[in-house]
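This is what each chain is made of:
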Number of protein chains: 2
Amino acid sequence: MSRFWSPVVATLTPYVPGEQPQMQRLVKLNTNESPYGPSPKALTAIQSQTTDDLRLYPDPESKALKAAIAKLHGLEANQVFVGNGSDEVLAHLFLALFKQKQPILFPDITYSFYPVYCKLYEIEYQTMPLGPEFEINTTDYEVPNGGIIFPNPNAPTGRSISRTEIAALLKRNSGSVLVIDEAYVDYGTESSIPLLRGPNCPENLLVVHTLSKSRALAGLRVGFAVGHPDLIAGLERVKDSFNSYPLGRLAQAGAVAAVEDQAYLERTCSKVMQTREQLVEALSALGFDTLPSSANFILTRHPKHGGEKLYQALRERGIIVRHFKTPRIANFLRITIGTDEQTQELLSALQEILN
Amino acid sequence: MSRFWSPVVATLTPYVPGEQPQMQRLVKLNTNESPYGPSPKALTAIQSQTTDDLRLYPDPESKALKAAIAKLHGLEANQVFVGNGSDEVLAHLFLALFKQKQPILFPDITYSFYPVYCKLYEIEYQTMPLGPEFEINTTDYEVPNGGIIFPNPNAPTGRSISRTEIAALLKRNSGSVLVIDEAYVDYGTESSIPLLRGPNCPENLLVVHTLSKSRALAGLRVGFAVGHPDLIAGLERVKDSFNSYPLGRLAQAGAVAAVEDQAYLERTCSKVMQTREQLVEALSALGFDTLPSSANFILTRHPKHGGEKLYQALRERGIIVRHFKTPRIANFLRITIGTDEQTQELLSALQEILN
């Protein structure tokens, strides 16, 4: 605390990310990274840019990257906004679109950075409780609001809803922006991006993606949002009032190559989904209840063993998963889907703990 | 424009960076990049991190980088804040420290991003006119204020003031934070960082650096601020409410190696300063008046040729410099110091234009 802080600083409750332990020989299943590396083409592209040209500023508009994203998703380049990880994209959109007279809405159990952005920018919000099965009921959101945001699939539950349902919500919510945070969409969830294609692109839908999960580039820091060109223009105004060059030369080059290698993404995601189904089945045999997941993680609980106790017992065995103290999910573990080998280590450890 | 923007968005006047033209065979002297590449050790460090580990998040606290910066400057690690270029560091400090009841103060001719941040965060500001020789008079700043910021050397003038003068200003300004933006300090200006060393570190001085100029890593995006641990803690609160991981793995690794290679910095900066003196002399022979520069650029004018006309004439010859339409400096050119070869090309072109 310092008397020199702006008054807002003392009111902040900063986000606490999952830990990045430096221990060796660790089974790290706590921050939803891909167990496989990025596309080899991304590594080659980064290497080819690691030259004396790093003395030069990058393209402030990331034109090549926007073009690659637009091409992949059947959009125009002016429908694409890029940032230094999807967290930066989210931060900018909270300020650019959600600082309104009405409170914004998001689920009570969701990505815990949303209320943090609200405090930073002094935005009012209201949380909407998930249903008994931890599902998002889109009809709950039919109240006056300054904006709506939720992940699809939701995190940390892993539950997803259909594009049809999102289209219906969008139709009913014509007065504010609806943001679908699709960080985990590539593991079996319907993307809402097709709603943005063509001349009837809705004016108030934004879809956010990250390259940190399915593209396996958490260490490079790239995310993006797609939507109507007028929404994108608002985001660009905020970005250009904050940092002209959020993405360096290596990030832009690696991201272009990763986005272009869709075959690699499909192969690695399909492997993760296969491992997920095997893990859910094996956990069920151990007595765990697991929420249906369309993500690269699961939320699971054991009726006889508390979440925190299991988290600690796994940790003692060198296996790091995520435990949230949030009411309603304090008895759960969120487990990232790893390789088959890591999954086997996890299951052996759980067997030992439960015995 | 969109009815879905937050009201503040329409009021913004985004910063316009110097252009990054894609033309080949260009003499690019417009954005103050180093004409030499980064330390070869930085390139090696980046290469060694370009592996499958990019799938993993980076260290959210950039501990190794903070330690390297602290060691170089004789500070403690908790006196160091790092960000995605010094523009991000500046953005965070405007929100964290400058959102006060009184307006903040900065020179009328200075880094043109400062008023942009003020609009973004709805911060009042007042500009202080430079003196007749474009100098900063620190006594002008002895008025009630919510904070003071200026670059030393100032940009785009290149003029610097002494550490003694800054210490005196700091002593008189005990009620708000004084920020010295030392983006160009390594080209012959006294740094204020020594004032921060030891147990008597002032509570309200912050010094900002970038790796984009003297460290020749504009393409990597790394900057930092150093100051009292309590000021740094305020910056960390804002950063952790915005983006947990502003610096990727490659940026952290490259920056550590660059910061550690002080010999390389000294060698390249001394070469740039030598070229600068030769350029100033040659320009004088052509009739130009150049402000005394302690930076890797000069601000110069010709009594008989307008700045915009010269800018265009150079551009037609493939030489890009920077011209500002700001009153008082509209007749000047800001020219980045390049290699001796680029300097020769510039001088030949000017000779041709003036004849």
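Calculation notes
Residues numbered from 1 in each chain as written. Chains lettered and ligands numbered in written order. Predicted model: local features only at pLDDT ≥ 70, side-chain atom pairs only at ≥ 80, totals over all residues. Heavy atoms only, no water. 1 Å grid on protein atoms, 1.4 Å probe; cavity = no way out; pocket = protein on both sides within 12 Å on 5 of 7 lines; lining within 4 Å. Points joined across faces, edges and corners; volume = space filled by probe spheres on them. Helix = DSSP H or I, 4+ residues; strand = E, 2+ residues; numbered from the N terminus. Nonpolar A, V, L, I, M, F, W, Y, C, P; charged D, E, K, R; others polar. Domains from an automatic or database assignment. Pairing = 2+ DSSP bridges. Contact = heavy atoms within 4.5 Å. Axes fitted to C-alpha atoms, helices over the stretch in contact; angles between N-to-C directions. Parallel < 35°, antiparallel > 145°, perpendicular 65-115°, else oblique. Left-handed = near helix turned anticlockwise from the far one by under 90°. Buried area = accessible area lost by both parts, 1.4 Å probe. Salt bridge = Lys/Arg side-chain N within 4 Å of Asp/Glu carboxyl O. Polar contact = N/O pair within 3.5 Å; in protein donor to acceptor, adjacent residues only side chain to side chain.

Moving on: empty space enclosed by the protein. Empty space among the atoms becomes visible once a probe the size of a water molecule is rolled across them. Residue and element names in this part refer to chain B. Evaluated as defined, the whole model comprises 5 cavities of 30 Å³ or more. Its boundaries defined by the atoms lining it, the largest cavity holds a volume of some 380 Å³. Looking at the lining of the largest cavity element by element, the count peaks at 3 residues for helix α4 (residues 86-97). Of the residues in the lining of the largest cavity, the class split is 13 nonpolar, 8 polar and 6 charged. Composition of the lining of the largest cavity by domain shows at least three residues from each of domain 1 (20-37 + 263-354) and domain 2 (40-260). Its boundaries defined by the atoms lining it, the second largest cavity holds a volume of some 150 Å³.

Our focus in this paragraph is the sheet that holds strand β9 (residues 289-290) of chain A. Residue and element names in this part refer to chain A. With antiparallel pairing, the 3 strands of this open sheet are ordered in space as β9-β10-β12. The two strands at the open ends of the sheet, each matched to only one other strand, are β9 and β12 (332-336). Looking at chain direction, β9 and strand β10 (residues 297-301) are connected through 2 bridges and run antiparallel. Bridge assignment links Thr290 to a residue of β10, and that residue is Thr300. Here helix α9 (residues 262-285) sits on the sheet and contacts β9 and β10; the angle it forms with β10, its principal contact strand, is near 5°.

Our next topic: the packing of helix α2 (residues 40-49) of chain A against helix α8 (residues 249-260) of chain A. Residues and elements named next belong to chain A. Where α2 meets α8, the closest approach of the two axes is 8 Å, and the angle between their N-to-C directions is 150°. Considered as vectors, α2 and α8 are oriented roughly antiparallel to each other. When the axes of α2 and α8 are compared, the crossing they make is right-handed. Contacts between α2 and α8 involve Lys41, Ala42, Ala45, Ile46 and Gln49 from the first element and Arg249, Leu250, Ala253, Gly254, Ala257 and Ala258 from the second. When grouped by side-chain class, the residues that make up the contact of α2 with α8 number 7 nonpolar, 2 polar and 2 charged.

Further remarks concern the packing of α4 of chain B against helix α5 (residues 114-121) of chain B. Residues and elements named next belong to chain B. Axis separation between α4 and α5 bottoms out at 10 Å; the angle between their running directions is 45°. Viewed along their axes, α4 and α5 adopt a mutual orientation that is oblique. For the pair α4 and α5, the crossing hand works out as right-handed. Counted together, Asp87, Leu90, Ala91, Phe94 and Leu95 of α4 and Tyr114, Tyr117, Cys118 and Tyr121 of α5 form the full contact between these two elements.

It is worth spelling out the domain arrangement of chain A at this point. Residue and element names in this part refer to chain A. Taken as a whole, chain A is organised into domain 1 (20-37 + 263-354) and domain 2 (40-260). Look at where the C-alpha atoms of domain 1 and domain 2 centre, and you get two points 26 Å apart. Opposite the 27 residues of domain 1 that make contact, domain 2 presents 27 residues. Interface area for domain 1 against domain 2, summed over the two sides, is near 2,100 Å², with a carbon-plus-sulfur share of 64%. When the area that domain 1 buries against domain 2 is broken down by residue, the three leading residues are Leu265, Ser294 and Arg328, summing to 30%. Run the count over domain 1 and domain 2 and you get 1 salt bridge. Here Asp108 and Arg328 are joined by a salt bridge, their closest N and O atoms 4.0 Å apart. Taken together, the connections running from domain 1 to domain 2 amount to 8 residue pairs in polar contact (both at pLDDT 80 or more). Contributions of two or more residues to the side of domain 1 that touches domain 2 are made by α9, β10 and β12. Among the residues making up the side of domain 1 that touches domain 2, the classes are represented as 15 nonpolar, 8 polar and 4 charged.

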